[in-house]
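Architecture at a glance
So you can see what is in the structure, the chains are spelled out below.
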Amino acid sequence: MSVLVLVLAVSAACCLGFGFVLQQNAAQRAPLGDFLSPRLLLDLMKVPRWLGGLGLMVAGMALGAIALGQGEISLVEPLLATNLLFALALSRHQTKQSLGRQGWAGLVLLAGGVSVFIVAGEPRGGSAVTDPLRHWTIIGAMIGLALLLTTYAKRSRLSAGPVLLALAAGLLYGVQDALTRVSGQRFSAGGLGELMTRWEPYAVLALGVTGLVLVQSAFETAPLRMSLPALTAAQPLAGILCGVGFLGDRLHTDTGALAWEAAGLAAIVAGIVLLGLHPAMPRGGAPRERVPKLQPQ
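Note that the structure is predicted; figures quoted are calculated from it, not measured. (Residues numbered from 1 in each chain as written. Predicted model: local features only at pLDDT ≥ 70, side-chain atom pairs only at ≥ 80, totals over all residues. Heavy atoms only, no water.)

Turning our attention to the overall build of the protein. Helix and strand counts for the protein come out as 11 helices and 0 strands. Reading the secondary structure of the protein in the N-to-C direction produces α-α-α-α-α-α-α-α-α-α-α. Relative to the compact-globule value of 19 Å for 297 residues, the protein shows a C-alpha radius of gyration of 19 Å, a close match. Taken along its principal axes, the extent of the C-alpha atoms in the protein is 55 × 45 × 35 Å. Residues counted as buried form 51% of the 297 residues belonging to the protein. If you take every contact in the protein between residues at least 6 apart in sequence, the share linking residues at least 24 apart comes to 88%. Averaging the positions of the 21 positive and the 14 negative side-chain charges in the protein gives two centres separated by 13 Å. (Helix = DSSP H or I, 4+ residues; strand = E, 2+ residues; numbered from the N terminus. Rg over C-alpha atoms; globule rule 2.2 N^0.38 Å. Buried < 20%, exposed > 50% of the residue type's maximum accessible area, 1.4 Å probe, protein only. Contact = heavy atoms within 4.5 Å. Lys, Arg positive; Asp, Glu negative; His and termini not counted. Charge placed at Lys NZ, Arg CZ, Asp CG, Glu CD.)

This part takes up the packing of aromatic side chains. Within a pair of aromatic rings, the relevant descriptors are the distance that separates the centres and the angle that separates the planes. One pass over the structure, following the stated rule, counts 3 aromatic pairs. Geometrically, the ring pair formed by F18 and F86 is edge-to-face, given 6.2 Å between the ring centres and 90 degrees between the ring planes. Separated by 68 residues along the polypeptide, F18 in helix 1 (residues 3–27) and F86 in helix 5 (residues 83–95) bring together distant segments of the chain. With relative accessibility at 29%, the residue F18 sits in the partly exposed group. For F86, a relative accessible area of 22% gives the class partly exposed. (Phe/Tyr/Trp six-rings, centres within 6.5 Å; stacked < 30°, edge-to-face > 60°.)

For the pair helix 7 (residues 132–156) and helix 8 (residues 161–196), interaxial distance at closest approach is 8 Å and the crossing angle is 160 degrees. Here helix 7 is positioned roughly antiparallel relative to helix 8, judged by the angle of their axes. Relative to helix 8, the crossing made by helix 7 is left-handed. Along its contact with helix 7, which presents I139, M142, I143, L145, A146, L149, T150, Y152, A153 and S156, the element helix 8 presents G161, L164, L165, L167, A168, L171, L172, V175 and L179. (Axes fitted to C-alpha atoms, helices over the stretch in contact; angles between N-to-C directions. Parallel < 35°, antiparallel > 145°, perpendicular 65-115°, else oblique. Left-handed = near helix turned anticlockwise from the far one by under 90°.)

Here helix 3 (residues 48–70) contains 23 residues, and its C-alpha end-to-end distance of 33 Å stays within 8% of the 33 Å for a straight helix at 1.5 Å per residue. What helix 3 keeps buried is the set W50, G53, L54, M57, G60, G64, A67 and L68. Packing partners of the buried residues in helix 3 comprise helix 1, helix 2 (39–44), helix 4 (73–80), helix 8 and helix 9 (200–221). (Expected span 1.5 Å × (residues − 1).)

Okay, the packing of helix 1 against helix 10 (residues 224–246) next. Between helix 1 and helix 10, whose axes approach to 11 Å, the crossing angle comes to 145 degrees. In the crossing of helix 1 with helix 10, the sense of the turn from one axis to the other is right-handed. Contacts between helix 1 and helix 10 involve F20, V21 and Q24 from the former and L224, L228 and L231 from the latter. Partitioning the contact of helix 1 with helix 10 into residue classes produces 5 nonpolar, 1 polar and no charged. (Nonpolar A, V, L, I, M, F, W, Y, C, P; charged D, E, K, R; others polar.)

Right under this line is the structure:
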(Lines give C-alpha, C1' and ligand atoms only; values in the text may rest on other atoms or scores of the structure.)
Protein backbone atom coordinates (compact mmCIF):
# COMPACT_ATOMS: atom_id res chain seq x y z
CA MET A 1 0.00 0.00 0.00
CA SER A 2 1.37 3.38 -1.05
CA VAL A 3 2.06 5.76 1.83
CA LEU A 4 0.78 8.59 -0.39
CA VAL A 5 -2.56 6.83 -0.89
CA LEU A 6 -2.81 6.19 2.86
CA VAL A 7 -2.11 9.84 3.73
CA LEU A 8 -4.50 11.16 1.07
CA ALA A 9 -7.34 8.80 2.03
CA VAL A 10 -7.05 9.41 5.78
CA SER A 11 -6.80 13.19 5.20
CA ALA A 12 -9.94 12.96 3.06
CA ALA A 13 -11.68 11.00 5.83
CA CYS A 14 -10.72 13.69 8.36
CA CYS A 15 -12.19 16.47 6.22
CA LEU A 16 -15.34 14.47 5.53
CA GLY A 17 -15.90 13.58 9.18
CA PHE A 18 -15.51 17.15 10.41
CA GLY A 19 -17.60 18.44 7.51
CA PHE A 20 -20.50 16.07 8.21
CA VAL A 21 -20.74 17.19 11.84
CA LEU A 22 -20.75 20.91 10.95
CA GLN A 23 -23.34 20.34 8.22
CA GLN A 24 -25.65 18.44 10.55
CA ASN A 25 -25.31 21.13 13.22
CA ALA A 26 -26.81 23.58 10.71
CA ALA A 27 -29.17 21.29 8.78
CA GLN A 28 -31.03 20.20 11.92
CA ARG A 29 -32.44 23.76 12.11
CA ALA A 30 -33.71 23.84 8.52
CA PRO A 31 -37.50 24.03 7.93
CA LEU A 32 -39.12 20.66 7.25
CA GLY A 33 -40.80 22.15 4.19
CA ASP A 34 -37.42 21.88 2.42
CA PHE A 35 -37.30 18.08 2.87
CA LEU A 36 -35.83 16.43 -0.28
CA SER A 37 -35.94 19.73 -2.15
CA PRO A 38 -33.02 21.57 -3.79
CA ARG A 39 -34.41 24.59 -1.92
CA LEU A 40 -32.85 23.09 1.19
CA LEU A 41 -29.36 23.73 -0.21
CA LEU A 42 -30.28 27.35 -1.03
CA ASP A 43 -31.44 27.91 2.55
CA LEU A 44 -28.39 26.24 4.06
CA MET A 45 -26.04 28.40 1.99
CA LYS A 46 -27.05 31.30 4.25
CA VAL A 47 -25.54 29.55 7.29
CA PRO A 48 -21.76 30.05 7.79
CA ARG A 49 -21.37 26.83 9.79
CA TRP A 50 -22.92 24.80 6.98
CA LEU A 51 -20.72 26.50 4.38
CA GLY A 52 -17.67 25.62 6.47
CA GLY A 53 -18.83 22.01 6.64
CA LEU A 54 -19.47 21.99 2.89
CA GLY A 55 -15.98 23.37 2.26
CA LEU A 56 -14.46 20.56 4.35
CA MET A 57 -16.61 18.00 2.52
CA VAL A 58 -15.49 19.32 -0.88
CA ALA A 59 -11.87 19.23 0.28
CA GLY A 60 -12.37 15.66 1.45
CA MET A 61 -13.87 14.65 -1.88
CA ALA A 62 -10.99 16.29 -3.73
CA LEU A 63 -8.41 14.48 -1.62
CA GLY A 64 -10.39 11.27 -2.05
CA ALA A 65 -10.42 11.77 -5.83
CA ILE A 66 -6.63 12.15 -5.84
CA ALA A 67 -6.32 9.02 -3.70
CA LEU A 68 -8.58 7.13 -6.12
CA GLY A 69 -6.32 8.24 -8.95
CA GLN A 70 -3.30 6.78 -7.16
CA GLY A 71 -4.79 3.59 -5.73
CA GLU A 72 -7.53 1.03 -6.20
CA ILE A 73 -11.06 1.91 -5.10
CA SER A 74 -11.18 -1.31 -3.05
CA LEU A 75 -8.24 0.08 -1.04
CA VAL A 76 -9.34 3.70 -0.75
CA GLU A 77 -13.00 3.12 0.19
CA PRO A 78 -12.33 1.28 3.51
CA LEU A 79 -9.92 4.05 4.49
CA LEU A 80 -12.52 6.71 3.70
CA ALA A 81 -14.92 4.90 6.07
CA THR A 82 -12.73 6.05 8.96
CA ASN A 83 -14.35 9.50 8.57
CA LEU A 84 -16.65 8.37 11.40
CA LEU A 85 -13.67 8.37 13.78
CA PHE A 86 -13.04 12.03 13.02
CA ALA A 87 -16.75 12.86 13.22
CA LEU A 88 -16.86 11.24 16.66
CA ALA A 89 -13.76 13.17 17.76
CA LEU A 90 -15.37 16.52 16.88
CA SER A 91 -18.74 15.51 18.35
CA ARG A 92 -17.02 14.34 21.53
CA HIS A 93 -15.32 17.74 21.78
CA GLN A 94 -18.71 19.44 21.41
CA THR A 95 -20.60 17.21 23.84
CA LYS A 96 -17.76 16.50 26.32
CA GLN A 97 -18.73 12.80 26.36
CA SER A 98 -16.10 10.19 27.16
CA LEU A 99 -15.52 7.30 24.76
CA GLY A 100 -16.38 4.55 27.22
CA ARG A 101 -16.54 0.88 26.31
CA GLN A 102 -18.84 1.47 23.35
CA GLY A 103 -16.58 4.09 21.81
CA TRP A 104 -13.40 2.07 22.25
CA ALA A 105 -15.07 -1.10 20.94
CA GLY A 106 -16.33 0.75 17.87
CA LEU A 107 -12.92 2.31 17.28
CA VAL A 108 -11.14 -1.06 17.50
CA LEU A 109 -13.70 -2.78 15.26
CA LEU A 110 -13.59 -0.07 12.58
CA ALA A 111 -9.81 0.35 12.52
CA GLY A 112 -9.23 -3.39 12.87
CA GLY A 113 -11.77 -4.23 10.19
CA VAL A 114 -10.14 -1.84 7.71
CA SER A 115 -6.73 -3.34 8.46
CA VAL A 116 -7.95 -6.95 8.17
CA PHE A 117 -9.76 -6.31 4.87
CA ILE A 118 -6.74 -4.59 3.30
CA VAL A 119 -4.21 -7.17 4.54
CA ALA A 120 -6.35 -10.18 3.59
CA GLY A 121 -7.58 -8.85 0.26
CA GLU A 122 -4.44 -6.99 -0.85
CA PRO A 123 -6.41 -4.84 -3.33
CA ARG A 124 -4.52 -4.40 -6.58
CA GLY A 125 -5.26 -3.06 -10.02
CA GLY A 126 -6.14 -5.04 -13.10
CA SER A 127 -7.74 -4.61 -16.50
CA ALA A 128 -11.08 -2.82 -16.42
CA VAL A 129 -14.04 -4.74 -17.77
CA THR A 130 -14.93 -3.45 -21.26
CA ASP A 131 -18.40 -4.99 -21.42
CA PRO A 132 -20.81 -1.99 -21.20
CA LEU A 133 -23.67 -4.26 -20.12
CA ARG A 134 -21.77 -5.16 -16.95
CA HIS A 135 -21.03 -1.47 -16.26
CA TRP A 136 -24.64 -0.40 -16.63
CA THR A 137 -26.02 -3.41 -14.76
CA ILE A 138 -23.98 -2.60 -11.65
CA ILE A 139 -24.43 1.18 -11.88
CA GLY A 140 -28.13 0.79 -12.66
CA ALA A 141 -28.63 -1.56 -9.71
CA MET A 142 -26.97 0.90 -7.31
CA ILE A 143 -28.93 3.91 -8.60
CA GLY A 144 -32.18 1.93 -8.77
CA LEU A 145 -31.79 0.78 -5.17
CA ALA A 146 -31.05 4.37 -4.12
CA LEU A 147 -34.25 5.56 -5.84
CA LEU A 148 -36.25 2.82 -4.12
CA LEU A 149 -34.85 3.76 -0.71
CA THR A 150 -35.60 7.44 -1.36
CA THR A 151 -39.19 6.62 -2.32
CA TYR A 152 -39.75 4.76 0.94
CA ALA A 153 -37.99 7.53 2.86
CA LYS A 154 -40.47 10.11 1.55
CA ARG A 155 -43.30 8.02 2.99
CA SER A 156 -41.73 7.41 6.39
CA ARG A 157 -40.24 10.93 6.82
CA LEU A 158 -39.32 11.17 10.52
CA SER A 159 -39.22 7.44 11.40
CA ALA A 160 -36.96 5.33 9.17
CA GLY A 161 -36.62 8.06 6.54
CA PRO A 162 -33.24 9.48 7.62
CA VAL A 163 -31.59 6.04 7.65
CA LEU A 164 -33.00 5.18 4.21
CA LEU A 165 -31.88 8.53 2.79
CA ALA A 166 -28.38 8.05 4.19
CA LEU A 167 -28.19 4.57 2.70
CA ALA A 168 -29.32 5.94 -0.67
CA ALA A 169 -26.75 8.74 -0.52
CA GLY A 170 -24.01 6.25 0.41
CA LEU A 171 -24.84 4.10 -2.64
CA LEU A 172 -24.72 7.17 -4.90
CA TYR A 173 -21.43 8.31 -3.39
CA GLY A 174 -19.95 4.84 -3.95
CA VAL A 175 -20.89 5.01 -7.64
CA GLN A 176 -19.59 8.58 -7.76
CA ASP A 177 -16.23 7.42 -6.42
CA ALA A 178 -16.02 4.74 -9.11
CA LEU A 179 -16.86 7.23 -11.88
CA THR A 180 -14.39 9.73 -10.38
CA ARG A 181 -11.66 7.15 -10.85
CA VAL A 182 -12.79 6.55 -14.45
CA SER A 183 -12.77 10.31 -15.09
CA GLY A 184 -9.24 10.56 -13.73
CA GLN A 185 -8.13 7.83 -16.09
CA ARG A 186 -9.78 9.60 -19.03
CA PHE A 187 -8.02 12.84 -18.12
CA SER A 188 -4.64 11.11 -17.81
CA ALA A 189 -5.08 9.42 -21.15
CA GLY A 190 -6.41 12.28 -23.27
CA GLY A 191 -6.42 15.48 -21.26
CA LEU A 192 -9.30 17.86 -20.64
CA GLY A 193 -10.66 17.58 -24.16
CA GLU A 194 -11.07 13.83 -23.89
CA LEU A 195 -12.61 14.14 -20.42
CA MET A 196 -15.25 16.72 -21.37
CA THR A 197 -16.53 14.64 -24.26
CA ARG A 198 -17.34 11.71 -21.96
CA TRP A 199 -20.45 11.27 -19.82
CA GLU A 200 -18.65 10.27 -16.62
CA PRO A 201 -17.72 13.75 -15.27
CA TYR A 202 -21.29 14.99 -15.72
CA ALA A 203 -22.58 11.90 -13.94
CA VAL A 204 -20.12 12.58 -11.10
CA LEU A 205 -21.55 16.10 -10.73
CA ALA A 206 -25.17 14.91 -10.88
CA LEU A 207 -24.57 12.15 -8.34
CA GLY A 208 -22.74 14.57 -6.04
CA VAL A 209 -25.57 17.14 -6.02
CA THR A 210 -28.26 14.46 -5.62
CA GLY A 211 -26.34 12.80 -2.82
CA LEU A 212 -25.90 16.17 -1.10
CA VAL A 213 -29.65 16.82 -1.12
CA LEU A 214 -30.30 13.35 0.32
CA VAL A 215 -27.66 13.72 3.03
CA GLN A 216 -28.82 17.18 4.11
CA SER A 217 -32.44 15.99 4.21
CA ALA A 218 -31.34 13.11 6.45
CA PHE A 219 -29.33 15.50 8.66
CA GLU A 220 -32.32 17.86 8.77
CA THR A 221 -34.81 15.33 10.10
CA ALA A 222 -32.83 13.24 12.61
CA PRO A 223 -29.77 13.15 14.88
CA LEU A 224 -26.42 12.40 13.30
CA ARG A 225 -26.35 9.00 14.99
CA MET A 226 -29.27 7.86 12.80
CA SER A 227 -27.87 8.94 9.43
CA LEU A 228 -24.08 8.95 9.46
CA PRO A 229 -23.55 5.23 10.23
CA ALA A 230 -25.76 4.23 7.28
CA LEU A 231 -24.00 6.68 4.96
CA THR A 232 -20.54 5.59 6.09
CA ALA A 233 -21.35 1.87 5.73
CA ALA A 234 -23.08 2.03 2.34
CA GLN A 235 -20.46 4.10 0.50
CA PRO A 236 -17.46 1.73 0.79
CA LEU A 237 -19.59 -1.35 0.09
CA ALA A 238 -20.97 0.22 -3.11
CA GLY A 239 -17.52 1.48 -4.11
CA ILE A 240 -15.87 -1.92 -3.58
CA LEU A 241 -18.64 -3.59 -5.61
CA CYS A 242 -18.03 -1.18 -8.48
CA GLY A 243 -14.26 -1.59 -8.18
CA VAL A 244 -14.36 -5.37 -8.34
CA GLY A 245 -17.36 -5.46 -10.67
CA PHE A 246 -16.10 -3.37 -13.58
CA LEU A 247 -13.01 -1.32 -12.71
CA GLY A 248 -10.68 -4.29 -12.64
CA ASP A 249 -9.78 -4.25 -8.93
CA ARG A 250 -8.62 -7.65 -7.75
CA LEU A 251 -8.77 -9.21 -4.31
CA HIS A 252 -7.49 -12.55 -3.07
CA THR A 253 -10.25 -15.09 -3.65
CA ASP A 254 -9.00 -18.22 -1.89
CA THR A 255 -11.24 -19.52 0.89
CA GLY A 256 -9.14 -18.20 3.75
CA ALA A 257 -8.75 -14.75 2.24
CA LEU A 258 -12.47 -14.45 1.46
CA ALA A 259 -13.31 -15.42 5.03
CA TRP A 260 -11.00 -12.73 6.43
CA GLU A 261 -12.27 -10.14 3.93
CA ALA A 262 -15.87 -10.88 4.95
CA ALA A 263 -14.87 -10.67 8.63
CA GLY A 264 -13.12 -7.35 7.98
CA LEU A 265 -16.16 -5.87 6.24
CA ALA A 266 -18.44 -7.14 9.02
CA ALA A 267 -16.15 -5.55 11.64
CA ILE A 268 -16.18 -2.27 9.70
CA VAL A 269 -19.98 -2.19 9.65
CA ALA A 270 -20.21 -3.18 13.33
CA GLY A 271 -17.70 -0.51 14.30
CA ILE A 272 -19.56 2.10 12.26
CA VAL A 273 -22.84 1.24 14.00
CA LEU A 274 -21.29 1.35 17.51
CA LEU A 275 -19.59 4.68 16.86
CA GLY A 276 -22.62 6.15 15.14
CA LEU A 277 -24.84 5.29 18.11
CA HIS A 278 -22.33 6.66 20.64
CA PRO A 279 -23.79 9.27 23.04
CA ALA A 280 -21.17 11.78 21.86
CA MET A 281 -22.90 12.02 18.49
CA PRO A 282 -25.21 15.08 18.28
CA ARG A 283 -28.80 14.24 19.20
CA GLY A 284 -30.44 16.99 17.16
CA GLY A 285 -31.85 20.41 17.82
CA ALA A 286 -34.99 21.90 19.21
CA PRO A 287 -38.48 20.69 18.21
CA ARG A 288 -38.95 21.44 14.53
CA GLU A 289 -42.16 23.41 14.75
CA ARG A 290 -40.34 25.98 16.89
CA VAL A 291 -37.63 26.52 14.29
CA PRO A 292 -39.47 27.73 11.16
CA LYS A 293 -36.48 29.42 9.60
CA LEU A 294 -32.74 29.06 9.61
CA GLN A 295 -30.71 31.39 11.77
CA PRO A 296 -27.11 32.13 10.72
CA GLN A 297 -24.57 30.72 13.18
